[in-house]
Amino acid sequence: MRTDIRTQINLGVDRGDTYGWVPMAMLAAGVPLGIWGTYSLLGGGGGESVAFGAVAGWFVLLAIGYLGLQSLSGSAWYSLPILLTLEALLEFVCLPAWRFAAGDEVMDSVYVHAMSLILIGFAAFWIGSLAFKREVRMRFVPQVRDTPSRVALIGAAMFVLGLLGNVLSWKLGLSLYLNTSDKAGFHESSLPFMGWLTFCSSLLQGALVVSAIEVLGKRSDKPLIKAVFWLSFVSLVGFGLISAMKSGTLFPLLLLVLVYSLTRGRIPRIAFLIPLLLLPIFPFVGAYRTNLQSGYAAQVNTIAGQAAVLGKSIADVAETPFSRSEVGGDVVDQATGRLSLLTSVHDVIGLPAPSLLNGNEKIWLAPLYPLVPRFLWKDKPVFDKGVRLSLALGRGGSTSSAPTQIGDLYSMYGTIGVVIGMLVYGICSQLFMNWVSGGLSEKGLFVYIMMLMTLLNLESDVVAHVGSIVQNGITLLALSYVVYGRPVSSPHIGKYSRLIGSL
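Quick caveat: nothing in here was measured; it's all calculated off a predicted structure.

Basis of the calculations
Residues numbered from 1 in each chain as written. Predicted model: local features only at pLDDT ≥ 70, side-chain atom pairs only at ≥ 80, totals over all residues. Heavy atoms only, no water. Core = buried A, V, L, I, M, F, W, Y, C linked by side-chain atoms within 4.5 Å. Buried < 20%, exposed > 50% of the residue type's maximum accessible area, 1.4 Å probe, protein only. Contact = heavy atoms within 4.5 Å. 1 Å grid on protein atoms, 1.4 Å probe; cavity = no way out; pocket = protein on both sides within 12 Å on 5 of 7 lines; lining within 4 Å. Points joined across faces, edges and corners; volume = space filled by probe spheres on them. Helix = DSSP H or I, 4+ residues; strand = E, 2+ residues; numbered from the N terminus. Nonpolar A, V, L, I, M, F, W, Y, C, P; charged D, E, K, R; others polar. Phe/Tyr/Trp six-rings, centres within 6.5 Å; stacked < 30°, edge-to-face > 60°. Polar contact = N/O pair within 3.5 Å; in protein donor to acceptor, adjacent residues only side chain to side chain. Salt bridge = Lys/Arg side-chain N within 4 Å of Asp/Glu carboxyl O. Expected span 1.5 Å × (residues − 1). Bend = angle between axes of the 7 residues up to and from the residue. pLDDT = per-residue confidence, 0-100. Axes fitted to C-alpha atoms, helices over the stretch in contact; angles between N-to-C directions. Parallel < 35°, antiparallel > 145°, perpendicular 65-115°, else oblique. Left-handed = near helix turned anticlockwise from the far one by under 90°.

1. Some remarks on the nonpolar core
At step 1: The biggest cluster of nonpolar side chains holds 108 residues, and the ones touching the most others in it are Phe59, Phe92, Phe122 and Phe446.
At step 2: Contact partners of Phe446, with chain neighbours within four places excluded, come to Gly206, Val209, Val210, Ile213, Leu476, Leu479, Ser480 and Tyr484.

This is the structure in structure tokens:
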């Protein structure tokens, strides 16, 4: 029995297994950029492209150094500061570089300024993180070996409520990329139960995480929890598919990779095949969106209408998989454009007066906004800075652009605001990791994974981001108590760690 328990519990992740070849690959890209940058800064070159390459090169080199220091202190790739750094490398450097090389974006001085702000901001983030870094590794230490009946039953209830919430959102036209709620005679803001509907819909993701911890992490063979696992996974993929969001289909897979890695101490090999799914997803989503805009959106919230648009989209892809005209444009251009957050920062600082985006929300009140209902706070601000940015860019008020935390800090307080804000962000991210590192119970692992969905959002403005963290944190702590039982002061379960370690 003891041998079986030890084989099921990951008692740590070796430091050497955390990155492997990743720093070497990044070093191969970063060193030439860094040399180019030094040469440019010393007067050996000119032009906006060279200046941008210089700043981007130093960003990559500093990121490599930061990841190396984190790796030496035992942090794994799923640590929050590391994930934020990897996300920044992708969305602020790699994707913009691709778009510049493909001719989808034109270099100008504003891009150089934007990249400089990102470099300064993340340098402050890394300094704040390292200043409070503790050499403690995260590990999964279950409280019990088998799946408790309570967890299985509540997981099943979460699945049912989450399924009902998603079905209702689909029926009301609220879950689509092309929102159809206005055509139905109402808007999201006019629905008094919208908050509850969103919460119920999110329970489907919670059911998947709860069941995945049991099935993947503890290798549970109980029929009920396995049924919840597979039904939640299939349902999330299905709703992601009909939402016309590329990330909606991949998100459940990424959740499972994260749970597997945290509980087993290694990335599953099949995870490296996930990017291949983009090949069929990109053209399908392009065709699906085009068909929605062509008139199918009016009937997509019925079973017959949904089946019709799905069949038409699949047929369009089968006929012309990558045609620009048949699937609604260059899907690669659309995807990289949406994910390139450097362009978002460029949009903010390129405004004649970025401060015009600011409303009456106060950054120091951000943690309090989600705690006070709007009916008690008559003058509570409306957090629509993304809509304000879209209006300022001439895109209309029906869309919401991404201000990003760096762009928002700059619009409020200038460069010094970016430095101080990102320094505080790095400190808070590292303190959070210090709190959760060590032995994570099922409850602690559930809270950490569900919180990552909010914490890894680099698109939103600062006030909305902080408010979401506070609101979701409180909700998840309460939900974790409902699922797993008695509350604890932190995810640490030191006494369980020592008990399991002695077996």
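We are not done yet, so read on.
2. A short note on the layout of surface pockets
At step 1: Its boundaries defined by the atoms lining it, the second largest pocket holds a volume of some 770 Å³.
At step 2: In terms of lining residues, the second largest pocket is bounded by 29 residues, among which Tyr425, Cys428, His465, Val466 and Ile469 are the most central.
At step 3: Elements with a minimum of two residues in the lining of the second largest pocket: α15 (405-436), α16 (442-455) and α17 (462-484).
At step 4: For the lining of the second largest pocket, the element with the highest residue contribution is α15, accounting for 14 residues.
At step 5: Partitioned by chemical class, the residues of the lining of the second largest pocket number 23 nonpolar, six polar and no charged.

3. Describing unusual backbone geometry
At step 1: Of note, Arg219 is a non-glycine position whose phi angle comes to about 55°, a positive value.
At step 2: Assignment of secondary structure puts Arg219 in the loop between α7 (194-217) and α8 (223-242).
At step 3: Positive phi values are uncommon outside glycine, yet Thr404 reaches one of about 65°.
At step 4: For Thr404, a relative accessible area of 0% corresponds to the buried category.

4. What about the environment of Gly53?
At step 1: Within the fold, Gly53 resides in helix α3 (residues 48-72).
At step 2: When the C-alpha atoms of Gly53 and Ala97 are compared, they prove to be 9.2 Å apart, with 44 residues separating the residues in sequence.

5. Section: the packing of aromatic side chains
At step 1: All told, the structure shown has 17 aromatic pairs when counted by the stated rule.
At step 2: Measuring from ring centre to ring centre gives 5.6 Å for Phe284 and Tyr288, while their planes differ by 25°; the resulting arrangement is stacked. One end of the pair, Phe284, and the other, Tyr288, are both in helix α10 (residues 278-293), four residues apart, so they sit about a helical turn from each other.
At step 3: Three or more aromatic residues link up through ring pairs in this structure, and these residues are Phe59, Tyr66, Phe92, Phe122, Phe125, Trp126 and Tyr425.

6. A word on empty space enclosed by the protein
At step 1: Under the counting rule described, the total for this entry stands at three cavities of 30 Å³ or more.
At step 2: Reported here for the largest cavity is a volume of approximately 90 Å³.
At step 3: In terms of lining, the largest cavity is formed by 14 residues, of which the most central are Ser75, Ser79, Val136, Met433 and Ser437.
At step 4: Among the elements that make up the lining of the largest cavity, the one with the highest residue count is α15 (three residues).

7. A few points about the side chain of Lys380
At step 1: Looking at where Lys380 falls in the secondary structure, it is placed in the loop between α13 (341-349) and α14 (385-392).
At step 2: One polar contact links the side chain of Lys380 to the main-chain carbonyl oxygen of Tyr369, over a distance of 2.7 Å.
At step 3: A polar atom in the side chain of Lys380 sits 2.8 Å from the backbone oxygen of Val372.
At step 4: Those residues within four positions of Lys380 in sequence are excluded, and the remaining contacts are Tyr369, Pro370, Val372 and Arg374.

8. What about the pattern of salt bridges?
At step 1: Summed over the entire model, instances satisfying the criterion amount to eight salt bridges.
At step 2: Here the salt bridges share partners, and the residues they tie into one network are Glu361, Asp384, Lys385, Arg388 and Asp408.

9. A closer look at α7
At step 1: The end-to-end C-alpha distance of α7, which contains 24 residues, comes to 34 Å, matching closely the 34 Å that a straight helix rising 1.5 Å per residue would cover.
At step 2: The largest bend along α7 measures about 25° and falls at Leu204.
At step 3: Most of α7 sits out of view: 17 of its 24 residues are buried.
At step 4: Two residues or fewer past α7, Arg219 is found with a positive phi of approximately 55°.

10. Examining the confidence of the model for the protein
At step 1: With 79% of its residues at a pLDDT of at least 70, the protein reaches an overall mean of 79.
At step 2: Of all the helices and strands in the protein, helix α18 (residues 494-501) carries the lowest mean pLDDT, 38, while helix α5 (residues 109-131) carries the highest, 93.
At step 3: Counting contacts from residues 180-190, a segment whose pLDDT is below 50, to residues more than four positions away or on other chains yields 15 contacts.

11. Let's talk about the packing of α5 against α15
Helix packing geometry: the angle between the two helix axes and the distance between the axes.
At step 1: Where α5 contacts α15, the axes come no closer than 6 Å and their chain directions differ by 25°. Between α5 and α15, the angle is such that the two are roughly parallel. α5 and α15 meet at a crossing whose hand is right-handed. Residues His113, Leu117, Ile118, Ile120, Gly121, Phe122, Ala124, Phe125, Ile127, Gly128 and Ser129 of α5 form the contact with α15, whose participating residues are Ile406, Tyr410, Thr415, Val418, Val419, Met422, Leu423, Tyr425, Gly426, Ile427, Ser429 and Gln430.
At step 2: For the contact of α5 with α15, the per-class residue count stands at 15 nonpolar, eight polar and no charged.

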